[in-house]
Amino acid sequence: MNGMGQLLLKCTKCFPDKRSEYLKDKQFYKNKLQLPMTKLCSKLKNPNRIAAFIDKGMFNSGEVNYLAIKHDDKFHVFWSRDVVDVLSKNFVAENSKVRNRTQISNQKVVFKVNDKTYGEIEMRNDSEVHYREVKFWLDSQLVFELLVQSIKEVKEYQHKILVYGNAIKKFGRWK
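How each quantity is defined
- Residues numbered from 1 in each chain as written.
- Predicted model: local features only at pLDDT ≥ 70, side-chain atom pairs only at ≥ 80, totals over all residues.
- Heavy atoms only, no water.
- Core = buried A, V, L, I, M, F, W, Y, C linked by side-chain atoms within 4.5 Å.
- Buried < 20%, exposed > 50% of the residue type's maximum accessible area, 1.4 Å probe, protein only.
- Contact = heavy atoms within 4.5 Å.
- Pairing = 2+ DSSP bridges.
- Helix = DSSP H or I, 4+ residues; strand = E, 2+ residues; numbered from the N terminus.
- Axes fitted to C-alpha atoms, helices over the stretch in contact; angles between N-to-C directions.

Some details on the nonpolar core
Turning to step 1, where the next piece is worked out: Ranked by size, the top nonpolar core spans 42 residues in total, and within it Leu40, Leu44, Phe78, Val109 and Phe111 carry the most contacts.
Turning to step 2, where the next piece is worked out: With residues near it in sequence (within four places) discarded, Phe78 still touches Asn65, Tyr66, Leu67, Ile69, Val83, Phe144, Leu147, Val148, Ile151, Tyr164 and Ala167.
Turning to step 3, where the next piece is worked out: By size, the runner-up hydrophobic cluster in this structure holds seven residues, among which are Trp79, Val163, Ala167 and Ile168.

Here it is in structure tokens:
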């Protein structure tokens, strides 16, 4: 992923080993996070790097072959490469911006399509269990809608499974 892993590690290392130290001066540590998070966003402005990140984050670089989303009591199945292709061509990476006095800019990388947030990379520091962790999340409904709009070829199996794009060829082998 061309250094993105190292940048994610730098994001985690902006925070002290012990959460109790972080809680004493959250502002200081959040300010430290701004530079590596800005550098990460800069790398993710490249669609090839977004593709590499999504491939690793969602499909463990080819270990997982399908994305299945349950919607309206049906399963919608997408080939991993199609998902990576659609998302990387549509996502625009931006850093988070302050919305009120208590917030600090550049704490997250936000993935947007037409100015709507589809997902984020952020740091978790909300508890002892979830401290110094990288969180990557996507809005499944928005991603689902984008995939269905972008991948026109679809085939239905047994009135319960809809298979899209290149997954149709792959799916036929194991149905």
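Considerations on the sheet that holds strand β2 (residues 74–79)
By definition, the strands of a sheet pair up through backbone hydrogen bonds, in either a parallel or an antiparallel sense.
Turning to step 1, where the next piece is worked out: Spatial ordering of the open sheet is given by β1-β2-β8-β7, a layout of four strands whose pairing is mixed. The open sheet has two edge strands with one neighbour each: β1 (66–71) and β7 (154–157). Taking the axes of each pair of neighbouring strands and ignoring which way they run, one obtains an average angle of 25° across the sheet.
Turning to step 2, where the next piece is worked out: One ladder, built from four bridges, connects β7 with strand β8 (residues 161–164); its direction is antiparallel. Following the sheet pairing, Lys155 is matched in β8 by Val163.
Turning to step 3, where the next piece is worked out: Packing against the sheet, helix α5 (residues 80–90) makes contact with β1, β2 and β8, and its axis sits at approximately 80° to β2.

Structural notes on the sheet that holds strand β4 (residues 108–113)
Turning to step 1, where the next piece is worked out: Spatially, the four strands line up as an open sheet ordered β3-β4-β5-β6, and their pairing is antiparallel. On the outer flanks of this sheet lie β3 (92–95) and β6 (131–138), each paired with one strand and no other. Between one strand axis and the next, the sheet turns through 20° on average, direction left out of account.
Turning to step 2, where the next piece is worked out: Docked against the sheet, helix α6 (residues 140–150) engages β4, β5 (116–125) and β6, running at close to 140° with respect to β5.

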